[in-house]
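The primary structure of each chain is shown beneath.
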Amino acid sequence: VSTGGEAAISGVSLVDGLNLLVMQIMAAFCAGGVVIISQYIGERSADRIKSACRHLELLVDTFSLLVMTLFLLGGRHILRFLFGSIEADVMEAAVTYLMITAVSFVFWGLYSSGAAILRCYEDTKTAMKVSIVMNLLNVSLNAYFVFEAKMGVMGVAIATLISRAVAGIVMKAIMTVRTRREIGSAASGLSFEMLRRILAMGVPSGIENGMFHVGKLALASVITTLGTTAIAANSIAYQVIEFPNIAGNTIGLALVVIAGQDIGARNKEAAVRDTRH
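Please read all numbers here as calculations on a predicted model, not as lab measurements. Here the residue numbers are simple positions, counted from 1 along each chain's written sequence. In view of the model being predicted, local features appear only for residues whose pLDDT reaches at least 70, and side-chain atom pairs are presented and counted only at 80 or more, with totals across whole chains, interfaces and linings using the full set of residues. Excluding hydrogens and water, the side-chain figures rest on all heavy atoms present in the structure.

1. A few points about the pattern of salt bridges
Here's step 1: Any Lys or Arg side-chain nitrogen located within 4 Å of an Asp or Glu carboxyl oxygen qualifies as a salt bridge. Across all of its chains, the model carries 6 salt bridges by this definition.
Here's step 2: We note a salt bridge from R266 to E43, for which the minimum N-O separation is 3.5 Å. Placement of the pair is R266 in the loop between α8 (244-264) and α9 (268-276) and E43 in helix α1 (residues 6-43), with a sequence separation of 223 residues.
Here's step 3: Residue R266 is classed as exposed on the basis of its relative accessible area, which comes to 64%.
Here's step 4: D47 serves as the salt-bridge partner of K50, at 3.9 Å between the closest nitrogen and oxygen. You can see K50 and its partner D47 sitting in helix α2 (residues 46-83), 3 residues apart, about one turn around the helix.
Here's step 5: Each of the salt bridges in this network shares a partner with another, and the network as a whole consists of E43, R48 and R266. In this description a helix means any DSSP run of H or I spanning at least four residues, a strand means any run of E spanning at least two, and both kinds are numbered starting from the N terminus. When accessible area is computed with a 1.4 Å probe and restricted to protein chains, residues below 20% of their type maximum are described as buried, those above 50% as exposed, and intermediate ones as partly exposed.

2. Here's the deal with the nonpolar core
Here's step 1: I37, F71, L79, Y111 and M171 are the most contacted members of the largest nonpolar core, which totals 64 residues.
Here's step 2: Counting residues per element, the ones that place at least two in this core are α1, α2, α3 (88-120), α4 (124-148), α5 (152-183) and α6 (192-223). What is meant by a nonpolar core is a set of buried Ala, Val, Leu, Ile, Met, Phe, Trp, Tyr and Cys residues, joined one to another through side-chain atoms within 4.5 Å.

Structure below.
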């Protein structure tokens, strides 16, 4: 993106802050679902496992559709509200990037819920392989659209959309096969109690982790008053300082599954031991 200049970096980075907040909320829903599903796996309650998996997918898919619709209809107004009077070329880059990547939320939701369910069964390799394919495709398409097709920010956004679409469709296909083979078909009908349980776990987690990204958006709003160069510099530096967080977040995701199964099996001693490890 940096080859497109400061306006391109700034527009993409401002939208990425908003997109990451949405993805964090989805991750929180998935985290709530992982807790519930892991406990049911520990209990060996097949019917509840099926229901929880189905409702997690329903919750994430519905949220992603709502956010996509909101951004497509009011994206420019949202950006103007958050970031004020940014320069015209930065705003156009941001609007272009937001409109296209908003569509990718539907596919990201398919990937996220599927990866969360696989995580409950301690199958993280499948999601990892899909993620590797998605990111290699994303980088390759970015290189083509930016360097060969000279499409700038639009090319970057289209590359993101295509790579997430591939990941979402592949994950949905994997989950369809795995669900039929290992989990079985869930009973039809909507259980508000199951949704409540997932949300009771996911919403506090979403608020906790989402506040970090809300703070980032607030900071970005302040930085926009310093000009395009400051926005671009902040974006580049942030890409570097994010890396140390990966290890801690990963260990946390693993712990939720393992401790959740211990609790579901009513084995509190194992839960304490595994948490200490």
